[in-house]
Amino acid sequence: MVAHIKTPNITTDNLPATMSHKMITEILREELGFQKIVITDSLSMGAITEYYNSGNVATNCIKAGVDMLLMPKDLNMARKALLEAVTAGTISEDRINTSLRRILSVKYDAGLFK
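Computed from a predicted structure; not experimentally measured.

1. What about the overall build of the protein chain?
What the protein chain contains, in helices and strands, is five helices and zero strands. Secondary structure elements in the protein chain, listed N-terminal to C-terminal, are α-α-α-α-α. Projected onto the principal axes, the alpha-carbon positions of the protein chain cover approximately 45 × 35 × 25 Å. Buried positions account for 35% of the 114 residues belonging to the protein chain. Intrachain contacts of the protein chain at a sequence separation of at least 6 include 60% that bridge at least 24 residues.

In structure tokens, the structure reads:
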């Protein structure tokens, strides 16, 4: 689970770690080699909702490398923004499929498809 902390000594984007490509993709996934599911902390927390709308949060998190969004404040807005981003090509279908493979793999390993 990725927290909403800011890491100004590590990143220069001033984004919470939840939405930071540097933190999730570059450091967590590439540098540290973590390839399991990355889930956000609750996206209905004030640290997020006071500064970002659910659509921006959803697309930024997925672009950063998050696989699962936990409790967006406005689920419909988050869903719509993600669909629009995929349709427009700002988030690739392959990016979505990468997360889907991680999620389904964990479910399969847990025996949920038997």
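2. Regarding unusual backbone geometry
For N14, which is not glycine, the phi dihedral falls at a positive 60°. Residue position: N14 is located in the segment before helix 1 (21-31). Phi at M71 is positive, roughly 50°, even though this residue is not glycine. Residue placement: M71 occurs in the loop between helix 3 (54-64) and helix 4 (75-88). Given a relative accessible area of 49%, M71 falls into the partly exposed group.

3. Some remarks on the packing of helix 3 against helix 4
With their axes 7 Å apart at the nearest point, helix 3 and helix 4 run at an angle of 50° to one another. Considered as vectors, helix 3 and helix 4 are oriented oblique to each other. For the pair helix 3 and helix 4, the crossing hand works out as right-handed. Each of S54, G55, A58, T59 and I62 in helix 3 lies in contact with helix 4, whose residues at this interface are M77, A78, A81, L82 and A85. Each residue belonging to the contact of helix 3 with helix 4 can be placed in one class, and the counts come to seven nonpolar, three polar and no charged.

4. What to know about the pattern of salt bridges
Following the criterion strictly, the structure yields five salt bridges and no others. The residue K22 makes a salt bridge to E26 at a minimum N-O spacing of 3.7 Å. Taken together, the residues K22 and E26, both in helix 1 and four residues apart, mark about one turn of the helix. Of the residues examined, E26 reaches a relative accessible area of 33% and is grouped as partly exposed. In this structure, R101 and D94 form a salt bridge, with 3.8 Å as the shortest nitrogen-oxygen distance.

Reading the values: rules and limits
Residues numbered from 1 in each chain as written. Predicted model: local features only at pLDDT ≥ 70, side-chain atom pairs only at ≥ 80, totals over all residues. Heavy atoms only, no water. Helix = DSSP H or I, 4+ residues; strand = E, 2+ residues; numbered from the N terminus. Buried < 20%, exposed > 50% of the residue type's maximum accessible area, 1.4 Å probe, protein only. Contact = heavy atoms within 4.5 Å. Axes fitted to C-alpha atoms, helices over the stretch in contact; angles between N-to-C directions. Parallel < 35°, antiparallel > 145°, perpendicular 65-115°, else oblique. Left-handed = near helix turned anticlockwise from the far one by under 90°. Nonpolar A, V, L, I, M, F, W, Y, C, P; charged D, E, K, R; others polar. Salt bridge = Lys/Arg side-chain N within 4 Å of Asp/Glu carboxyl O.

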